[in-house]
Amino acid sequence: MTMTDTDTVPAATATDPRRVKKGQFRAARGLLAPAVLFLVLLTQIPFLVTIGFSLVKWNLLYPQDRGFTGLDNYATALTSGALGPSILATVLITALSVILSVLFGLLFALLLDRPFRGRALARTLMITPFLVMPAAAALIWKYSMFDTNIGILNWVSRSLHLPVLAWSTDHPLLTVVTVLTWQFTPFMMLILLAGLQGQDKGILEAAQVDGAGTWRTFTWITLPHLRMYVEIGVLLGAVIILQVFDPIAILTKGTGGTKTLAYLLYERAFIGLDVGEAAAYGVVTVILTIIVATVALRTLFKVFMAGGSR
Amino acid sequence: MTTRTKNTLATTATWILVLIFFFPVFWMFLNGFKPESIASSAHPRLIFTPTLDGFRAAFDRGMQGYLINSLNASLWATLIAIVLAIPAAYALSIRRVKNVEGALTFFISTRFMPLAAVVLPLFMILKTLGLLDNIYVLAIIYAGVNLPVAVWMMRSFFLEVPFEIIEAARVDGAGLAREIFRIALPLVLPGVASAALITFIFSWNEYFLASLLTSSAARTTPPFLGSFVDGRGQFLAVLSAASTIAALPVIIAGWIAQKQLVRGLSMGAIK
């Protein structure tokens, strides 16, 4: 693309093509530089400092006792028994929430892809959970849905003579996953709906004419077509949910196997005041995210290089 | 079963599922208008005499201050992100730098960087400089968090600008500034709207950084809501009212700009 761009610069302005090209690159770099600098200052440098912190013994409660400790913080993180469960919690919450919201998202996308009365309204109502401020969503679920006394879920259970559940204490993981799934289903639905609506109608009609039933058309044509959209949804959703903090802080405070890495770091740094150990958790979080994000990036580039998706 | 009955069944099922899904939002809205004793009762009631007591109580807790802070942080973050994203996206689409893919990777990798990994140094630096609890500092950080997405999105819009138009402008001797702001930018205004919407939504809703980097003067709405967790007694009506006010701006913005939302969420990948 770059080559064709320069090639099409008319001769009138391009007395010496190479000079024009060079000047263009310089101008382009000038356009890019402010954004890059801004991000280096705000994220790259702080991250390097975090790595530095993770190699230092530094508890704010004992400011005198401070110095280089090498990998001691990582050793503490590994042996304190907090890291393993935390990685497990992060992975479990992310995986369950993403899988469930993709499944529900697919269901709603299929339902809303059919023409029916009030479809626009249904779609508008459906995207709302994603727009609700996550802190508000977690609180509303905690008190008006899950609560043992005033929660709707338990009112339903009582009405059906089923046992009352203390959701956030008896099933903390399920509680967090439920709220996240509720919030991210619209996200997945929107992406999958765009995929469904980008299907070639001619192919679908041809399949019908050839006598392929609804189910076979779905599994043989629609699902393969949706694959790329599912990938985008899963990866973008996973990267966001990996960092999740709000529902944990509000619903469970990290109890019962829901202490994600973000929450663990918060606890060590801002309650335990152990900067060094918290920084080590920060670095571990980045490593975990890189693993997920590398896959995500590859997919995104594939989609973009395929000329977007239409 | 005839096709028509099938259709009616599917439509009915769709509506039932959609309404179940929407119910928590509806219930939040409704509870905000209930007297506290009815909202916090074990027997849910649909019929009641509406009152604004819940909303009054929310503002009695100083909610307007938190809302103004949220608005400040979100608007400034959006402005900064857009101003930086437009030229950067231009350099990745129309007037290209050499290594476009490398730059794109750089941007997106900072977006994928967990906030947890950078919050400690930011906290320490801001504390040393006496800049904790400052709403403009929070806005700058939010701009940084959302800049990568804004760049990716703006780029996907710039890529759709027909090159002949840019070419014609260059032939006419338009300078770089004119080329970007007078020729290309007016063609990608939906993209600007898209990027602004996403930045605004994420900034308005952000809880983690807000709760750690602000305490009182610059406290935003999400941590204010979070403080209800430690509440005693009955507070579901005031909580619902406060949540409704807090969520409404983004809900309305998202409803109006549904198309931009899809493209923004997928960072421009889905049109």
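Predicted, not measured: the structure shown is a model, and the values here were computed from it.

K.L.:
Before we move on, could you go through the overall build of chain A and cite the residues and values that matter?
P.N.:
A tally of helices and strands in chain A yields 14 helices and two strands. When contacts within chain A are restricted to residue pairs at least 6 apart in sequence, those whose partners lie at least 24 apart make up 69%.

K.L.:
Tell me about the overall build of chain B, residues and numbers included.
P.N.:
Summing up its helical and strand segments, chain B has 14 helices and zero strands in all. Across its three principal axes, chain B shows a C-alpha extent of roughly 70 × 70 × 30 Å. Residues counted as buried form 52% of the 271 residues belonging to chain B. Sequence separation of 24 or more characterises 79% of the internal contacts of chain B that already satisfy a separation of 6 or more.

K.L.:
Give me the lowdown on helix α9 (residues 176-184) of chain B, citing residues and values where you can.
P.N.:
Residues and elements named next belong to chain B. Of the positions making up α9, those classed as buried are E179, I180 and A184. Around the axis of α9, the buried residues are gathered within 90° of arc, so they sit on the same side. Turned more than 90 degrees off the buried face of α9, the exposed positions are A177 and R182. Tucked inside the fold, the buried residues of α9 contact α4 (63-90), α7 (135-158) and α8 (163-171).

K.L.:
Explain the interface of chain B and chain A to me, and be specific about the residues and the numbers.
P.N.:
Think of interface size as the accessible area that goes away when the parts come together; that is how it is often given. Every contact between the two is made by 79 residues of chain B and, on the other side, 86 residues of chain A. Tallying contributions element by element places helix α1 (residues 3-32) of chain B first for the side of chain B that touches chain A, with 13 residues. For the side of chain B that touches chain A, the residue count by class is 57 nonpolar, 16 polar and six charged.

K.L.:
Go over the domain arrangement of chain A, please, and point to the residues and values.
P.N.:
Residues and elements named next belong to chain A. Under the domain assignment, chain A is made up of domain 1 (2-54) and domain 2 (72-305). Tallying the contact residues gives four residues for domain 1 and seven residues for domain 2. Residue composition of the side of domain 1 that touches domain 2, grouped by class: two nonpolar, two polar and no charged.

K.L.:
Tell me about the confidence of the model for chain A, and please be specific about residues and values.
P.N.:
Residue and element names in this part refer to chain A. Looking at chain A as a whole, the pLDDT averages 84, with 89% of positions reaching at least 70. For chain A, the element scoring lowest by mean pLDDT is helix α1 (residues 2-7), at 39; helix α5 (residues 119-131) scores highest, at 96. Long-range and interchain partners of residues 1-20, a stretch whose pLDDT sits below 50, account for 13 contacts in this model, where long-range means more than four residues apart.

K.L.:
Break down the packing of α4(B) against helix α10 (residues 189-205) of chain B for me, citing the residues and quoting the values.
P.N.:
Residue and element names in this part refer to chain B. One can describe the packing of α4 onto α10 by two numbers: an axis separation of 9 Å at closest approach and a directional angle of 140°. Pair α4 / α10 crosses with right-handed handedness. For the pair α4 and α10, the contacting residues are S70, A73, S74, A77, T78, A81, I82 and A85 in the first and V192, A195, A196, T199, F200, S203 and W204 in the second. Among the residues making up the contact of α4 with α10, the classes are represented as ten nonpolar, five polar and no charged.

K.L.:
Please set out the confidence of the model for chain B residue by residue, giving values where relevant.
P.N.:
Residues and elements named next belong to chain B. Summary statistics for chain B give a mean pLDDT of 91 and a share of 100% for residues scoring 70 or more. Predicted confidence in chain B is weakest over helix α14 (residues 258-265), with a mean pLDDT of 84, and strongest over α4, with 96. Predicted as a complex, the structure gets a pTM of 0.89 and an ipTM equal to 0.92.

K.L.:
Quick rundown of the nonpolar core? Include the residues and the values.
P.N.:
Residues and elements named next belong to chain B. In terms of nonpolar packing, the biggest core is built from 179 residues, with A85 and M154 touching the most fellow members. When residues in this core are grouped by element, the largest group, 16 residues, is from α7. Apart from the residues within four sequence positions on either side, M154 is in contact with A85, I86, A89, V188, G191 and A195.

Conventions and cut-offs
Along every chain, residues carry numbers that run from 1 in the direction the sequence is written. Throughout, the order in which chains and ligands are written sets their labels, letters from A for the former and numbers from 1 for the latter. In keeping with the model being predicted, local features are shown solely for residues with a pLDDT of at least 70 and side-chain atom pairs are shown and tallied solely at 80 or more, while totals for entire chains, interfaces and linings include all residues. Strands here mean DSSP runs of E at least two residues long; helices mean DSSP runs of H or I at least four residues long; both are numbered from the N terminus. With C-beta atoms placed from the backbone, a contact is any residue pair whose C-beta atoms sit within 7 Å. In this scheme every C-beta is placed from the backbone, and a residue whose C-beta has 20 or more other C-beta atoms within 10 Å is buried, one with 12 or fewer is exposed, and one in between is partly exposed. This arc describes the spread of directions from the helix axis toward the C-beta atoms. For this classification, Asp, Glu, Lys and Arg are treated as charged, while Ala, Val, Leu, Ile, Met, Phe, Trp, Tyr, Cys and Pro are nonpolar and the rest, including Gly, are polar. Note that the domain bounds reflect an automated or database-derived domain assignment. Confidence of the prediction at every residue is given by pLDDT, a number between 0 and 100. Lines fitted to C-alpha atoms define the axes here, with helix axes fitted over just the stretch in contact, and angles between the N-to-C directions of these axes take values from 0 to 180 degrees. The crossing is said to be left-handed when, going from far helix to near helix, the turn is anticlockwise and less than a right angle, and right-handed when the turn is clockwise. To count as a nonpolar core, a set of buried Ala, Val, Leu, Ile, Met, Phe, Trp, Tyr and Cys residues must be joined through C-beta atoms within 7 Å.

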